[in-house]
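Observations on the three-dimensional arrangement
Chain by chain, the residues:
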Amino acid sequence: MPLPETPTRSPAPLTETRSPTPLLFRRHSSREIRNIASVSSSILPAFGTVMGEGSVKLKRFVIAPYDRRYRLWQTFLVVLVVYSAWASPFELAFKKAATGGLLPVDLVVDAFFAIDIILTFFVAYLDKSTYLLVEEHKKIAFRYVTHLWFPMDVASTLPFQTINRIVTGKMNRGPVFGFLNLLRLWRLRRVSEFFSRLEKDTRFSYFWTRYCKLICVTLFSVHSAGCFYFWLATRYHNSEDTWIGKNIPDFKTKSIWQGYTYSMYWSITTLTTVGYGDLYAVNTEEKIFTIFYMLLNIGLTAYFIGNMTNLIVHHAVRTFAMRDAINQILRYASKNRLPEGLKEQMLAHLTLKFKTTELQQEQVLEDLPKAIRSSISQQLFRTTLQNTYLFKGVPEDFIVQLVSEIKAEYFPPNVDIIIQNEIPTDFYIIVSGAMDVVTYKNGTEQFLSKLGSQEMFGEIGVMFNIPQPFTVRSKRLSQVVRISHHHFKQLVQPLKEDGQIILSNFLQHLKGLKKEELAEMPVISEFLDDLNSEEATVIEAGTEDHAGQVQQENIIPTAPALSKTLPTRVIIHGYHPDGTSNERGKLIHLPDSVEHLLSIAERKFGKRGTTIVMADGSQMEDLAALRESDRLYIF
């Protein structure tokens, strides 16, 4: 049905040129185009074209060039073109067929092409300068009549032999009408356009479409050459002094199909350069024709072999690329004397990369608009993110923004994804598969835990901005999504409430870690001890005075924290840098005020300080000027 019109918008004037794009969804005359990829690439809207509902409908008695029914009509004509391509050379060589049983068929075929000529006066065309559809009847007719196509279409459709018989009352079998019938070969352009559309249509195999096209070109060449060679024999003054007269005396009176069989036999043996020698050129005209035909065969053979080679190589190019990459890795590992285990990991990762090329999100979606990439990522990974502990309870808008920035990756078994003590840049969520968390102590590998679907790893190093505490290794074929620390920080910065939720989830996760894991992370253990002591202080206070509120805020020190991904961390000492105390410094998150900083120092060192100086002895003036890992001395 037609698309609904908006009441507030008036329909477009009749003289307005239409943009072709809205018509892709038009159903009044063209119904629905189910496969957009099959639409001709030449039908493009102009930049800046306003495409409203008023431009959806075409004028009356105007056909859209991509109308589904018009496309079916064009496909039907291709079948008739195949008949014309066979009949035209055949009727030139065998005059009996042209005036006998094939004559009614020719008239019916010509009638269909005459109808197509009439329809062409009603088919809108694309203006190459504006890329807009022109639907004015006068312009359509003027363009068609003044174009070469119109006289050629008419000449290839007129039944000259029938017209001559009506005018003269006699059936003329002269060679003139045979050559006029060859004008029907003009219709072969439709076959070329048909194969071009099929090659662009993803519903059909490109290999088999191209292969069928090559077969058709070869058969047409063989058929045309054989028919023309037989025609040379029929018009020669001495029939016995011809290539076929040497083998079949009085061949002109024999069966049409016997002569056609001999012609095809000669043409095929000549094309394939077999040449048994039983049929060969006798007179000068035949020899000249054979020379040109064999020269044509050289080009035709090169065309056929070149295309087939290209098709085969196209299917094998990925295999060649994989083999070359594997050989390069083997040579690299051999020259640098890499361990066997590391070489196997390299080969496994490379092999998996080639096997999952079509599934890699970055490569498949690289050329798509960001909105489409985001929608696909949400469809694939939104549920995984929502079920991950870090993002539970986070608003939907945050998940939508985060999922558009993630990257999907595959890892084969026994590959280290995160290495202990490496610089943290990303953290990962497991979509499918399993991971082992291991640590190295005194050169010995120790297993800590196992991670499964919808679990995270690498986030502790990212959140605390410390070297990765563990090595994470794939246990079997696994798919993970990678979240960049940089993108995560940019996303969380303006969202304080979401940062509070994420931080709360993160702290709860830290409290639930195993003792074996916490033992490998002294910084995290000290952080949790400080957090527990702050909570205990608030509970013991039992009041809601101003000081109590300040302490309560510091229980979640990263609340102002995750707005910057992590709070600024500083090291505080209970003595001046010129002193001689050996007391170790304490790593803390920088609070919001000097008073709060002094309160934290009092709890850490057991005494109340009044002065805060930097490592160089200068007095600290503004907390905002401090940087990560600065040392403060309180006395």
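Everything numeric in this text was worked out from a predicted model, so none of it was measured.

All right, on to the overall build of the chain then. Summing up its helical and strand segments, the chain has 22 helices and 14 strands in all. Classification of the 635 residues of the chain by burial places 43% in the buried group. In the chain, once contacts between residues fewer than 6 apart in sequence are set aside, the share between residues at least 24 apart is 69%. Within the structure as shown, the chain displays about 35,400 Å² of accessible surface, and the carbon and sulfur contribution to it stands at 58%.

Ranked by internal contacts, the top residues of the largest apolar core, which has 51 residues, are Phe391, Phe398, Phe457, Phe464, Phe488, Leu510 and Ile524. Sequence-distant contacts of phenylalanine 457, that is, excluding residues within four places in its chain, are made with Ile417, Ile418, Phe427, Tyr428, Ile430, Met435, Leu451, Val472 and Val480. Residues Trp73, Ala93, Trp231 and Leu232 belong to the second largest nonpolar core, which totals 42 residues.

Quick look at the side chain of threonine 471 now. Checked against the element boundaries, threonine 471 lands in strand β9 (residues 471-474). A polar atom in the side chain of threonine 471 sits 2.9 Å from the backbone nitrogen of glutamine 420. Not counting residues within four places of it along the chain, the set of residues in contact with threonine 471 comprises Asp416, Ile418, Ile419, Gln420, Asp436, Val437, Val438 and Tyr440.

A separate point is the sheet that holds β9. Read from one edge of the open sheet, four strands run β4-β9-β6-β7, paired in antiparallel fashion. Edge positions in the open sheet fall to β4 (416-418) and β7 (444-451), since each of these has one partner strand only. When the angles between neighbouring strand axes are averaged without regard to direction, this sheet yields 35 degrees. Taken together, the two bridges between β4 and β9 define a ladder with antiparallel strand orientation. Opposite isoleucine 418, over in β9, you have valine 472 as the bridge partner.

Along its 16 residues, helix α18 (residues 496-511) runs 23 Å from first to last C-alpha, staying within 8% of the 22 Å computed at 1.5 Å per residue. Looking only at α18, the buried set comprises Asp498, Gly499, Ile502, Leu503, Asn505, Phe506, Leu507 and Leu510.

This paragraph deals with the UniProt feature "transmembrane region" (unreviewed entry) in the chain. As annotated in UniProt, the feature "transmembrane region" (unreviewed entry) corresponds to residues 70-87, 107-126, 211-232 and 288-313 in the numbering used here. Overall, residues 70-87 shows 100% helix and 0% strand. The separation of its end C-alpha atoms is 26 Å. Segment residues 211-232 splits into 100% helix and 0% strand. End C-alpha atoms: 32 Å apart.

Bringing the pattern of salt bridges into the picture now. In the structure shown here, the tally under the stated rule is 15 salt bridges. Salt bridges here are not isolated pairs; linked through shared partners, they connect Glu91, Asp106, Asp110, Arg184 and Arg187.

Taken together, the side chains of Ile288, Ile291, Phe292, Leu295 and Ile298 make up a nonpolar region of the molecular surface, amounting to roughly 540 Å² of accessible area. Position of leucine 295 among the secondary structure elements: in helix α11 (residues 284-335).

The gaps left among the atoms become clear once a water-sized probe is rolled over them. Taken as a whole, the second largest pocket spans an internal volume of roughly 510 Å³. At the level of elements, α1 (68-93), α8 (188-200) and α9 (206-235) are the ones that each hand at least two residues to the lining of the second largest pocket. When the residues that make up the lining of the second largest pocket are grouped by side-chain class, the tally is 15 nonpolar, three polar and one charged. Split by domain, the lining of the second largest pocket shows at least three residues from each of two domains, domain 1 (57-200) and domain 2 (204-358).

Reading the values: rules and limits
- Residue indices begin from 1 for each chain and proceed along its sequence in written order.
- The model is predicted, so local features are restricted to residues of pLDDT at least 70 and side-chain atom pairs to those at 80 or more, both for listing and for counting; the totals for chains, interfaces and linings are taken over all residues.
- Water and hydrogen atoms were dropped before computing side-chain values, which therefore reflect all heavy atoms in the structure.
- Secondary structure follows DSSP: runs of H or I at least 4 residues long count as helices, runs of E at least 2 residues long count as strands, and numbering of each begins at the N terminus.
- The buried label applies to any residue whose accessible area, calculated with a 1.4 Å probe on protein chains only, is under 20% of its type's maximum; exposed applies above 50%, and partly exposed to all values in between.
- Two residues form a contact once any of their heavy atoms are found within 4.5 Å.
- Using the Shrake-Rupley algorithm and a 1.4 Å probe, accessible areas are obtained, with residue cover drawn only from the displayed protein chains.
- Each nonpolar core is a collection of buried residues, namely Ala, Val, Leu, Ile, Met, Phe, Trp, Tyr and Cys, held together in the definition by side-chain atoms within 4.5 Å.
- Identification of polar contacts relies on pairs of N or O atoms within 3.5 Å, with a donor-acceptor requirement for protein atoms, meaning one able to donate a hydrogen and the other able to accept it, and with residues adjacent in sequence counted only if both atoms are side-chain atoms.
- A pair of strands counts as paired when DSSP detects no fewer than two bridges linking them.
- Lines fitted to the C-alpha atoms define the axes, with helices restricted to the stretch that makes contact. Angles between their N-to-C directions range from 0 to 180 degrees.
- Expected helix span is computed as 1.5 Å times (number of residues minus one).
- UniProt positions are given in the numbering used here, feature names are shortened, and annotations may be inferred rather than shown by experiment.
- The term salt bridge refers to a pairing of a side-chain nitrogen on Lys or Arg with a carboxyl oxygen on Asp or Glu at a separation within 4 Å.
- Patches were defined on residues exceeding 30% relative accessible area and lacking a salt bridge, with like-charge contacts within 9 Å and nonpolar side-chain contacts (Val, Leu, Ile, Met, Phe, Trp, Tyr) within 5 Å.
- Lining residues are those with an atom within 4 Å of a point, where the points come from a 1 Å grid over the protein atoms alone and group into cavities, where a 1.4 Å probe fits but cannot get out, or pockets, open sets with protein on both sides within 12 Å along at least five of seven lines.
- Grid points are joined across faces, edges and corners, and a volume is the space filled by probe spheres set on the points.
- Each residue is assigned to one of three groups, with Ala, Val, Leu, Ile, Met, Phe, Trp, Tyr, Cys and Pro labelled nonpolar, Asp, Glu, Lys and Arg labelled charged, and all others, Gly among them, labelled polar.
- For the purposes of this description, domain bounds are those given by an automatic or database domain assignment.

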